[in-house]
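What the coordinates show
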Amino acid sequence: MPFELKILHSINQIEARSWNNLCGLDYPFLRHEFLLALEESGCTTKKTGWQVSHITVYQQESLVCIMPMYQKTNSNGEYVFDWDWADAYARNHLNYYPKLLTAIPFSPCYGPRIASKIELCKVLPFIVEQLKSICREYGFSGWHGLFHSANENKQLAAQQLLTRQGLQYHWHNQQYRSFEHYLSSFTSRKRKNIKRERRIVTEQQVTIHTVEGPEIDPFLLEEFYHCYQLTYLKRDRQGYLNIEFFALLLKSLASHIVLFVAKHQHKTVACAWCFKNTDPEDAVLYGRYWGSLDDFDNLHFETCYYKGLEYCIEHNIQRFDPGAQGEHKIQRGFEPIITYSSHYIAHPEFSLAIADFLERETQAIQDYKPQLESLLPFKKAT
């Protein structure tokens, strides 16, 4: 039976129940409420370079597939870096922007990007052909899908789309009973380093409190946001997200939110905002937004990593995704994992050039990953 594709220029054009019935309620970043908060707060608009163009697919007037998508006029907030590709286009007097992008804005957390009630192998050929047609008709340089699940990437690669690999560092729970039990899996020297870092935070009279989403009041939200924005201002720019976005999340997705709050002399000095999914079979904590007012030794490690690890162990959470980049995470027990993105480049010559680049980049990543794994702090199996 034939498919019909419709593009939504606001997620409000579809009922939350219809959207969430397809994507489920466990993974917070694909939920209607999360994407709506981005839109209603003004974080994803044409002005910010994130113009909403979500894809919905119908079969006999029944919704069978959804895929978030944006028209992008920049590459800000994506975390799969293609500025060099844009520069190459510009040097050849071609336009790289606008482009089409399927991603979770400002959130480099891998996971599902396509929700479908029918097999992907049956609906993806239709979606890909439609994307190519849209690029040709409206002058988009191509389509990019970021941080797909491995299965989605495999299905997209079968449609002759280019694959790009990346590296992140995730922690996996091996049924640890406590943080001390976790540290017992480290070599002696690495274990002492972690204990020393945590002791330094305590000696500075800093305490960390865990606050679940429903307990975050407006005053604490203001404190968090002040920390978040000040950290970005130290890098001479504003944070991508505004306080309205976070306030909307607290109204609609509070059960998915965990905030680690650092205090010094009763004053909030740093915060780490995390999300958690609610799938008991695949529980994950996602470290997303961090900010601090003052410089305290090792406070970032304590607030963003160690308290998150303790939380995962206490709540039997199986994986901790602390965010993009950061080889320093390896010595704290975060293992290198491969991430995937998919790309359609409309320009034939540039498609060939980028394919060649990706082949060499992929080989470099495959060679580098075992080197990183050799730096993990765990005791060698005997």
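These numbers were taken from a predicted model, which means no experiment stands behind them.

Let us look at the overall build of the chain. Looking only at helices and strands, the chain features eleven helices and 15 strands. Dimensions of the chain, computed from the C-alpha atoms along their principal axes, are close to 65 × 50 × 40 Å. Within the chain, buried positions represent 57% of all 382 residues. Sequence-distant contacts, at least 24 apart, represent 75% of the contacts inside the chain between residues at least 6 apart. In the form shown here, the chain has an accessible surface area of approximately 17,700 Å², with 49% of it arising from carbon and sulfur atoms. Distance from the positive charge centre (40 side chains) to the negative charge centre (43 side chains) of the chain: 5 Å.

Let us look at the packing of helix α2 (residues 32–40) against helix α9 (residues 243–252). At their nearest, the axes of α2 and α9 sit 9 Å apart, and the two run at 150° to each other. Between α2 and α9, the angle is such that the two are roughly antiparallel. Regarding α2 and α9, the two cross each other, and that crossing is right-handed. Within the contact between the two elements, α2 uses Glu33, Phe34, Ala37, Leu38 and Glu40 and α9 uses Phe245, Leu248, Leu249 and Ser252. A class-by-class count of the residues in the contact of α2 with α9 yields six nonpolar, one polar and two charged.

Here we have eleven strands laid out as an open sheet, ordered β2-β5-β6-β8-β15-β9-β14-β13-β12-β11-β10, and mixed in their pairing. In the strand order of this sheet, the two ends are held by β2 (50–52) and β10 (206–212), each with one partner. Taken over all neighbouring pairs, the strand axes of this sheet differ in orientation by 30° on average, direction set aside. Taken strand by strand, helix α8 (residues 218–233) contacts β10, β11 (257–264), β12 (267–276) and β13 (284–292), and its axis lies near 75° from that of β13. Sitting on the sheet, α9 touches β11, β12 and β13, and the angle it makes with β12 is about 60°.

For the rest of this paragraph, the subject is the packing of helix α1 (residues 16–23) against α2. Between α1 and α2, the least distance of the axes is 9 Å, while the angle of their chain directions is 125°. It follows from the interaxial angle that α1 and α2 lie oblique. Mapping the contact onto sequence places Ala16, Trp19 and Asn20 in α1 and His32, Glu33 and Leu35 in α2. Taken together, the residues of the contact of α1 with α2 break down into three nonpolar, two polar and one charged.

Take the nonpolar core next. Counting residues in hydrophobic clusters, the biggest one holds 54 residues, and the most contacted among them are Phe34, Phe224, Phe245, Phe246, Trp273 and Tyr289. Here this core gets six residues from one element, more than from any other, and that element is α8.

Attention shifts here to the sheet that holds strand β1 (residues 3–8). Reading across from one edge, β1-β3-β4-β7 is the order of the four strands in this open sheet, with antiparallel pairing throughout. Every other strand in the sheet has two partners, leaving β1 and β7 (115–116) as the edge strands with one partner each. Pairing analysis gives two bridges linking strand β4 (residues 62–67) to β7, with the strands arranged antiparallel. What sits directly across from Ile66, in β7, is Ala115. This element, α1, spans β1, β3 (54–59), β4 and β7 of the sheet and lies at about 70° to β4.

Among the residues of helix α3 (residues 83–91), Trp85, Ala86, Ala88 and Tyr89 are the ones counted as buried. All buried residues of α3 project into a common sector of 160° when viewed along the axis, lining one side. Across from the buried face of α3, at angles greater than 90 degrees, the exposed residues are Asp84 and Arg91. Buried residues belonging to α3 abut β8 (142–148), β9 (162–172), β15 (335–345) and α11 (348–373). One or two residues past the end of α3 sits His93, with phi positive at roughly 60°.

Right, let's get into the environment of Leu253. Tracing the backbone through its elements, the reader meets Leu253 in the loop between α9 and β11. With relative accessibility at 1%, the residue Leu253 sits in the buried group. Residues Leu253 and His148 lie 105 residues apart in sequence; the distance between their C-alpha atoms is 22 Å.

In this section: the environment of Asp321. Here Asp321 shows up in strand β14 (residues 319–321). Along the chain, Asp321 and Gln168 lie 153 residues apart, while their C-alpha atoms are 8.4 Å from each other. Those residues in contact with Asp321 that lie beyond four places of it in its chain are Cys109, Tyr110, Gln168, His170, Leu285, Tyr286, Gly287 and Arg288.

The next subject is the environment of Lys379. Within the secondary structure, Lys379 is located in the segment after α11. As for Lys379 and Ser185, which are separated by 194 residues in sequence, their C-alpha atoms are 6.0 Å apart. Among the polar contacts listed, one links the side chain of Lys379 to the backbone oxygen of Ser184, at a separation of 2.9 Å.

The rules behind each value
Residues numbered from 1 in each chain as written. Predicted model: local features only at pLDDT ≥ 70, side-chain atom pairs only at ≥ 80, totals over all residues. Heavy atoms only, no water. Helix = DSSP H or I, 4+ residues; strand = E, 2+ residues; numbered from the N terminus. Buried < 20%, exposed > 50% of the residue type's maximum accessible area, 1.4 Å probe, protein only. Contact = heavy atoms within 4.5 Å. Areas by Shrake-Rupley, 256 points an atom, 1.4 Å probe, with all protein chains shown as cover. Lys, Arg positive; Asp, Glu negative; His and termini not counted. Charge placed at Lys NZ, Arg CZ, Asp CG, Glu CD. Axes fitted to C-alpha atoms, helices over the stretch in contact; angles between N-to-C directions. Parallel < 35°, antiparallel > 145°, perpendicular 65-115°, else oblique. Left-handed = near helix turned anticlockwise from the far one by under 90°. Nonpolar A, V, L, I, M, F, W, Y, C, P; charged D, E, K, R; others polar. Pairing = 2+ DSSP bridges. Core = buried A, V, L, I, M, F, W, Y, C linked by side-chain atoms within 4.5 Å. Arc of directions from axis to C-beta. Polar contact = N/O pair within 3.5 Å; in protein donor to acceptor, adjacent residues only side chain to side chain.

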